[in-house]
Amino acid sequence: MIIRTRLAAGVCALLAALTAGLAFPAGAAAGEPTGQDAPKVDLVLDVSGSMRARDIDGQSRMAAAKQAFNEVLDATPEEVELGIRTLGADYPGDDRKTGCKDTAQLYPVGPLDRTEAKTAVATLTPTGWTPIGPALLKAAGDLDGGDGSKRIVLISDGEDTCAPLDPCEVAREIAAKGIGLTIDTLGLVPTAKLSRQLSCIAEATGGTYTSVEHQDELTDRVNQLVDRAADPVVTPVPAEGADRCAGAPTLKSGLYTDREEFGQQRFYRVDVRPGQELRASVSVAADRAVNPGYGVLMRAVTSKGREIVRGEAAGNGRTDVISTGLRYPKAEGDDEDAPAEAVCLAVSHSFSAASGVKTTPGLPLELTVDVVDAPSQAGDVAAFGLGRGWWLLGVLILTGFLAGLVWGWLSRWRVAVWRTN
């Protein structure tokens, strides 16, 4: 009994580790990086009255933010143009209309003077309201112009207090402008309501949300986001899909953008030669209010309509972007001069517009296409993505079997010795 238990545990552990460690190989970078202009980052800091709370490592939230900003300013890459905007820093009164206008550029976006920026941050005192929506609109203007990467990093400890200007709708409006601006959000000791709001803001622009409860977490995360802004920008190429395979545009490896109306299906063609593998993924974003419960479907079909492979995903309203992908390895043939196969990518989604919402233009769609050399045994990849790794799987299973036997025997021997003594 002990042997069987130990054996099962060993084999299960090894299989779990194998499953967790296996992943599809990453595709080649799609699109061409551009970056003639310097990357820009606008740090948007909540300086409302609630930032006085002393619950981050024994100090106030404001003190933790200042310390984090000082370290971030020291570590900012030279090529990054950085600015700092505040919200709730100046108006201490009770007039809501005035409080909802309380956002200002503390340090302009541009080449960084670290001493000047630190001096400006040191003057901040928790004061007023939390106008997140108005601050995001202003921050988008701070980053206007240029074709380098643009990133807003919003740090707040409370929900927006300026409804009905919903900050999540503001983020969707910014995303719909197609200016390539990403909003990342960080919640300081967040409530469930704040987490939902900041998550929605980030997801609307393809950004990230992070919950922060310690000063070093805040410093590390902001540093990561500022560094990420310096990464090369990949600009999507506009592509207009067709309503049928025969008239679809032919795409090469790259990153493409399109719009797809509700209830519509878009087709794109990709030539795949024997011995190559097609990797494709698509993301559809809801840049307006939609009904909960939706999905996205991508299919690879032949020119005659026969389905080869598909990828699909479903959502329930918690995210504004839904993505899926597929892989199609084409086996090598005996004929070296065999023509390429025209594979059609059919993309459709099941978003539905909420009452009173405009259905045109269609929802933004981003398509990644990558055609690479396929593994020598395409059938293996199509099955489990293991390629030539079946021998490794067998070795690991055998190793687990033997290890389980040895461990079980040792355990049984130790129990026998214990009973004897």
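Further up the page is the structure itself.
Residues numbered from 1 in each chain as written. Predicted model: local features only at pLDDT ≥ 70, side-chain atom pairs only at ≥ 80, totals over all residues. Heavy atoms only, no water.

Let us now look at the sheet that holds strand 12 (residues 276–285). Pairing is mixed across the open sheet formed by five strands, whose spatial order is 9-10-17-12-15. Each edge of the open sheet carries a strand with a single partner, namely strand 9 (237–238) and strand 15 (321–329). Of the strand pairs in this sheet, strand 12 and strand 15 are connected by nine bridges, and their pairing is antiparallel. Bridged to V284 within strand 15 is I322. (Pairing = 2+ DSSP bridges. Helix = DSSP H or I, 4+ residues; strand = E, 2+ residues; numbered from the N terminus.)

For the structure shown, the criterion picks out 13 salt bridges. Among the salt bridges present, the one from R61 reaches D157, with a minimum N-O distance of 2.7 Å. In this pair, R61 is assigned in helix 2 (residues 61–75) and D157 in the loop between strand 5 (150–156) and helix 6 (167–176), connecting sequence segments 96 residues apart. R61 gets classed as buried once you look at its relative accessible area, which sits at 10%. Salt-bridge contacts for E307 lead to R310; the nearest nitrogen and oxygen are separated by 3.0 Å. Judged by relative accessible area, which is 32%, E307 ranks as partly exposed. (Salt bridge = Lys/Arg side-chain N within 4 Å of Asp/Glu carboxyl O. Buried < 20%, exposed > 50% of the residue type's maximum accessible area, 1.4 Å probe, protein only.)

Quick look at the state of the cysteines now. Scanning the entire structure with this criterion turns up three disulfides. Disulfide pairing is shown between C245 and C344; the S-S distance is 1.7 Å. On the sign convention where negative is left-handed, the bridge of C245 and C344, at about 60° about the S-S bond, is right-handed. Of this pair, C245 sits in the loop between strand 9 and strand 10 (254–260) while C344 is found in strand 16 (residues 341–349), placing the two residues 99 residues apart along the sequence. Residue C245 shares its accessibility class with C344, and that shared class is buried. Looking at the protein, its bonded cysteines, counted consecutively from the start of the sequence, adopt the pairing 1-2, 3-4, 5-6. (Disulfide = S-S within 2.5 Å.)

Moving on to the pairing of strand 6 (residues 181–188). Summarising burial for strand 6: eight of the eight residues are buried, a large majority. Burial along strand 6 is two-sided: L181, I183, T185 and G187 facing one way and T182, D184, L186 and L188 facing the other are all buried. Across seven bridges, the pairing between strand 5 and strand 6 is parallel. Bridge pairing in strand 6 places K150 opposite L181. A crossover links strand 5 with its parallel partner strand 6, the connecting element being helix 6, and its sense is right-handed. The sheet contact formed by strand 6 and strand 7 (residues 209–212) spans four bridges and is parallel. Bridge assignment links G187 to a residue of strand 7, and that residue is S211. (Right-handed = clockwise from strand over helix to strand, strands pointing away.)

Two packed helices can be described by the angle between their axes and the distance between those axes. In contact at an axis separation of 8 Å, helix 5 (residues 132–142) and helix 6 are set at 20° when each is read in the N-to-C sense. Taken together, helix 5 and helix 6 sit at an angle that is classed as roughly parallel. Classified by chirality, the crossing of helix 6 by helix 5 is right-handed. Contacts between helix 5 and helix 6 involve I132, G133, L136, L137 and A140 on the former and, on the latter, P167, V170 and I174. In terms of residue class, the contact of helix 5 with helix 6 is built from seven nonpolar, one polar and no charged. (Axes fitted to C-alpha atoms, helices over the stretch in contact; angles between N-to-C directions. Parallel < 35°, antiparallel > 145°, perpendicular 65-115°, else oblique. Left-handed = near helix turned anticlockwise from the far one by under 90°. Contact = heavy atoms within 4.5 Å. Nonpolar A, V, L, I, M, F, W, Y, C, P; charged D, E, K, R; others polar.)

What follows covers the nonpolar core. Judged by nonpolar contacts, the single largest core of 32 residues is most densely connected at L43, L45, I155, L186, L218, V222 and V226. Sorting the residues of this core by element identifies strand 2 (40–46), helix 2, strand 3 (81–87), helix 4 (114–122), strand 5, strand 6 and helix 8 (215–229) as the ones contributing at least two each. Here the element with the most residues in this core is helix 2; it accounts for seven residues. (Core = buried A, V, L, I, M, F, W, Y, C linked by side-chain atoms within 4.5 Å.)

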